Amino acid sequence: LVFDKRHVSLAILRDKSVLGGICYRPFYEEAFAEIAFCAITASEQVRGFGTRVMNHLKEQAKKDGIKYFLTYADNYAIGYFKKQGFSKSVKYL
């Protein structure tokens, strides 16, 4: 996925070391994106890096006309996505 040209990947770096990243596929005509991958290295979790990379993604997506996100999360990631404003249900407008 990371090297798929249809996906956009963002990485968070510190001193030239990758701490984590997020990879998403935008569907511009539908104004939504699927988050395919989001991870922060275990030793750096719960230090705000996940929030930082998600905020950067949201700002970039807003500039690109993306209004909605979809992702699939395991039980360990549900809390993180809830904290970022996601919900378990799909809401139709």
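Asks: Run through the pattern of salt bridges, naming residues and quoting values.
Replies: If you walk through the whole model with that rule in mind, you get 4 salt bridges. Between Asp4 and Arg6 there is a salt bridge, and its shortest N-O distance comes to 3.0 Å. Residue Asp4 is classed as partly exposed on the basis of its relative accessible area of 23%. Close ionic contact of Glu59 with Lys62 constitutes a salt bridge, the shortest N to O distance being 3.6 Å. Remark: Lys62 and Glu59 occur in helix H1 (residues 49–63); sequence separation between them is 3 residues, near one turn of the helix. On the accessibility criterion, Lys62 (57% relative accessible area) is exposed.

Asks: Describe in detail the pairing of strand S3 (residues 32–40), supporting the description with residues and values.
Replies: Note that strand S2 (residues 17–27) and S3 share 8 bridges and pair antiparallel. Residue pairing across strands places Gly20 opposite Ile40, the latter belonging to S3.

Asks: Account for the packing of aromatic side chains, naming residues and giving values.
Replies: Per the counting criterion, the structure on display carries 4 aromatic pairs. Ring plane angle 75° and centroid distance 5.1 Å describe the contact between Tyr80 and Phe81, whose orientation is recorded as edge-to-face. With a centroid separation of 5.1 Å and 75° between ring planes, the pair formed by Phe81 and Phe86 is classed as edge-to-face. As far as burial versus exposure is concerned, Phe81 and Phe86 are alike and both buried. An aromatic cluster of at least three residues, connected via ring pairs, comprises Phe69, Tyr80, Phe81 and Phe86.

Asks: Residues and numbers for the sheet that holds S2, please.
Replies: Backbone hydrogen bonds are what pair the strands of a sheet, in a parallel or an antiparallel way. With mixed pairing, 4 strands are arranged side by side in an open sheet as S1-S2-S3-S4. In this open sheet, the two edge strands, each paired with only one partner strand, are strand S1 (8–14) and strand S4 (68–71). Ignoring which end each strand starts from, the neighbouring axes of this sheet average 30° apart. The sheet contact formed by S1 and S2 spans 7 bridges and is antiparallel. Looking across to S2, one finds that Leu13 is bridged to Val18.

Parameters at a glance
Residues numbered from 1 in each chain as written. Predicted model: local features only at pLDDT ≥ 70, side-chain atom pairs only at ≥ 80, totals over all residues. Heavy atoms only, no water. Salt bridge = Lys/Arg side-chain N within 4 Å of Asp/Glu carboxyl O. Buried < 20%, exposed > 50% of the residue type's maximum accessible area, 1.4 Å probe, protein only. Helix = DSSP H or I, 4+ residues; strand = E, 2+ residues; numbered from the N terminus. Pairing = 2+ DSSP bridges. Phe/Tyr/Trp six-rings, centres within 6.5 Å; stacked < 30°, edge-to-face > 60°. Axes fitted to C-alpha atoms, helices over the stretch in contact; angles between N-to-C directions.

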